[in-house]
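A look at the structure
Okay, here's what each chain looks like letter by letter:
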Amino acid sequence: MEQTMIITNNPKVNEKYHDSKTVKFLEGTYLDVLLAARNIVHKGGVLLTHPLSSSLKPNETPYKSLLVAQNKEEVDLKSIDLIENSIATAQKFGSHPKEMAIKKREDYKLIDLDLFDHVMDKI
Amino acid sequence: MRLELNYITINEMQFSSMSKIHNQTLLINKKELEDLILKDEHIQSVELDIARPGESVRITPVKDVLEPRIKEQSSSGVFPGVISGVETVGSGRTNVLKGVAVVTSGRIVGFQEGIIDMSGEGAKYTPFSETVNLVMTCHCHDSIKAHEHEKAVRYAGLRAAEYLGKLSIGIEGDSLETYETLPLLQSVSHYPELPKVAYVQMLQSQGLLHDTYVYGVDAKHILPTLLYPTELMDGAIISGNCVSACDKNTTYHHQNNCVIQDLFKQHGKEINFVGVVITNENVYLADKERSSDWTAKLVEYLGVDGVIISQEGFGNPDTDLIMNCRKIESKGIDTVIITDEYAGRDGASQSLADAHQSADAVVTGGNANELIVLDPMKKTIGHIEYVEKIAGGFNGNINENGSIVVELQAIIGSTNELGFGKLSAKDI
């Protein structure tokens, strides 16, 4: 089985998977997660999940989790294309509001975790 | 497969001591309907309101919109696999209460979406300002999980739509429309001179608040499959999708899929409309590859000359849309895609998050980032405090005179990607 890594800024995803998977947890923004993924992709990582979240916009949800496969010998051009397009989209939307009610923040974490769980069920 | 839609026009809705249809008025026994909804142990209370076209009423946040229907003298029922048995729908006679809708509302998560204004500027952007709406605001127990909460409200809407639909049993409608699709080989031989066209409908299916159900099956777990068009017109697909308000397909949109209706209008004249392929929009990239491969394979197998593809949602699903388009075009089949745009408030930015040169015929539902000013409303059904927090709203967007500035994406159905809306490059 290929070696995979989770890149996330969602504490709920980190909490659930850090014992069983390789998790790169960032105390950063949605865009920071995409930039971290770009660094990995340029070193041969392959995206396994889409860098944009469902129909939630990058300026709505603060949380993002991504799954990448590591240590490919050649750079994956599809992954580069996808991450660059997604970063451009995220930058276009700008960042989410800094002040956010706790309930709302928790619900965004829950949605991101739920979406990610459906992927982890498959690998 | 042949479906008759028996349209029963409803112009007015009132609460009454007895539920029935009388003189094009839908009378509803509030207590009886409340009791039906409260049979769900998760729902603590429900408020029922009526919102009519032209009234100074704002409904928010809206979860789903449904059209009351019932199947008469049939072994199958409305919303199969969910509140009816799994028997195949799309044939026989279905009564449609035309002019009314059930609108579900209620707090599920801390961010919520969707406004329907029944009058003023906002009313111009949603088709549900023109229906007489029964608004159901469901309140669930505090301890309920978000998944259960969404499901409880989804089922409440379906049960109410069926309850109201049953009132039409035995009533002869104002008009009857018949739709029929022949088995593929018969259809092809019937119109040998006409170009064969299929419709690919993409369904949002990514997870919590992003789900769609096909005969009760969570669409994220399906492989792309074939349906008769009339199955979609008859409740085979329902919405569990809460985002985004502007470009999600509510259950009402599925029941009244205007791509299918328009393809039927041209069927036997300019085209031969042979059928529908449904596919999903998932998170895992391997799923996207698999589903788009299968979609292209199925339309190739149908032997069609052209395909209409409709998307649901924005961003991540743009990738599914482009994959479907590119792979179908690579088989020598022409495509037209229907999407919407997030092109910035000035409309100058890149519209989609993905693109390909094969996507050379595109219909847009509009720019969801466009700003509009909503007039003050005298009455709000739901929770107005959400308006500055929903997608398309922003802090400080409520003016002193009560008007609200939002992006179009806050309005239910405003940039719908089936084309079920009013935006156009010209006034229509």
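Residues numbered from 1 in each chain as written. Chains lettered and ligands numbered in written order. Predicted model: local features only at pLDDT ≥ 70, side-chain atom pairs only at ≥ 80, totals over all residues. Heavy atoms only, no water.

Further remarks concern the overall build of chain A. Scanning chain A for helices and strands turns up 4 helices and 4 strands. Shown N-terminal to C-terminal, the secondary structure of chain A runs as helices and strands in the order β-α-β-α-β-β-α-α. Counting across all 123 residues of chain A, residues that qualify as buried make up 54%. Restricting the contact set of chain A to residue pairs at least 6 apart, pairs at least 24 apart contribute 71%. By element, 48% of the accessible surface of chain A is carried by carbon and sulfur atoms, the whole surface being about 5700 Å². Each charge class in chain A can be summarised by its mean position, and for the 17 positive and 18 negative side chains these summaries are 3 Å apart. (Helix = DSSP H or I, 4+ residues; strand = E, 2+ residues; numbered from the N terminus. Buried < 20%, exposed > 50% of the residue type's maximum accessible area, 1.4 Å probe, protein only. Contact = heavy atoms within 4.5 Å. Areas by Shrake-Rupley, 256 points an atom, 1.4 Å probe, with all protein chains shown as cover. Lys, Arg positive; Asp, Glu negative; His and termini not counted. Charge placed at Lys NZ, Arg CZ, Asp CG, Glu CD.)

For the rest of this paragraph, the subject is the overall build of chain B. The helix and strand inventory of chain B stands at 9 helices and 25 strands. Here the C-alpha radius of gyration of chain B, 21 Å, is about what a compact globule of 428 residues would show, namely 22 Å. Sorting the 428 residues of chain B into buried and exposed places 63% on the buried side. Contacts spanning at least 24 positions in sequence make up 80% of the contacts within chain B whose residues lie at least 6 apart. With the model as given, the accessible surface of chain B reaches about 15500 Å², and the carbon-plus-sulfur share is 48%. If you average the places of the 36 positive and of the 58 negative side-chain charges in chain B, the two averages end up 4 Å apart. (Rg over C-alpha atoms; globule rule 2.2 N^0.38 Å.)

Turning our attention to the sheet that holds strand 2 (residues 22-25) of chain A. All names here are of chain A. The 4 strands lie next to each other as 2-1-4-3, forming an open sheet whose pairing is mixed. Each edge of the open sheet carries a strand with a single partner, namely strand 2 and strand 3 (46-47). Two elements, strand 1 (residues 4-8) and strand 4 (residues 65-69), share 5 bridges in a ladder whose sense is antiparallel. By the bridge assignment, Thr-8 is partnered in strand 4 with Ser-65. (Pairing = 2+ DSSP bridges.)

Let's shift gears to the interface of chain A and chain B. On the side of chain B, 40 residues touch chain A, which itself brings 29 residues to the contact. Contact between chain A and chain B buries roughly 2800 Å² in total, counting both sides, with carbon and sulfur atoms accounting for 61%. On the chain A side of the contact with chain B, His-50, Ser-55 and Lys-122 of chain A bury the most area, a combined 19% of that side's loss. Scanning the region where chain A abuts chain B turns up 2 salt bridges. (Buried area = accessible area lost by both parts, 1.4 Å probe. Salt bridge = Lys/Arg side-chain N within 4 Å of Asp/Glu carboxyl O.)

Right, let's get into the nonpolar core. Of all hydrophobic cores here, the largest spans 65 residues; its most connected members are Leu-26, Ile-37, Leu-134, Met-136 and Leu-164 of chain B. Among residues more than four places away in sequence, those in contact with Leu-26 of chain B are Ile-10, Glu-12, Met-13, Gln-14, Lys-20, Ile-21, Leu-97, Val-100, Leu-164 and Leu-167 of chain B. (Core = buried A, V, L, I, M, F, W, Y, C linked by side-chain atoms within 4.5 Å.)

All names here are of chain B. Overall, the coordinates contain 34 salt bridges over all chains when judged by the stated rule. In this structure, the salt-bridge partner of Glu-180 is Arg-2, at a minimum N-O distance of 4.0 Å. One end of the pair, Glu-180, is in strand 13 (residues 175-180); the other, Arg-2, is in strand 1 (residues 2-9), with 178 residues separating them in the sequence. Overall, Glu-180 belongs to the partly exposed group, its relative accessible area being 37%. Judged by its relative accessible area of 43%, Arg-2 is partly exposed. Salt-bridge contacts for Arg-345 lead to Glu-407; the nearest nitrogen and oxygen are separated by 2.7 Å. Of this pair, Arg-345 sits in the loop between strand 21 (334-341) and strand 22 (362-367) while Glu-407 sits in strand 25 (residues 404-407), and the two are 62 residues apart along the sequence.

Residue and element names in this part refer to chain B. In the segment running from Thr-60 into Pro-61, the intervening peptide bond is cis, with an omega of -10 degrees. Residue placement: Pro-61 occurs in the loop between strand 6 (57-60) and strand 7 (62-66). Look at the link from Val-243 to Ser-244: it is a cis peptide, with omega at -15 degrees. Looking at where Ser-244 falls in the secondary structure, it is placed in the loop between strand 18 (237-241) and helix 6 (251-255). Within the chain, Gln-24 stands out as a residue other than glycine whose phi angle is a positive 60 degrees.

The subject of this paragraph is the packing of aromatic side chains. Residues and elements named next belong to chain B. Here the structure, examined in full by the defined rule, presents 8 aromatic pairs over all chains. Each ring, one from Phe-128 and one from Tyr-252, has its centre 5.1 Å from the other, and the planes form 85 degrees; the classification is edge-to-face. Of the two residues, Phe-128 sits in the loop between helix 2 (120-123) and strand 12 (132-140) while Tyr-252 sits in helix 6, which places them 124 residues apart along the sequence. Since its relative accessible area comes to 0%, Phe-128 is described here as buried. Take Tyr-252: its relative accessible area is 6%, and that puts it in the buried class. A ring pair is formed by Phe-264 and Phe-273, whose centres lie 5.4 Å apart and whose planes are at 75 degrees; its orientation type is edge-to-face. (Phe/Tyr/Trp six-rings, centres within 6.5 Å; stacked < 30°, edge-to-face > 60°.)

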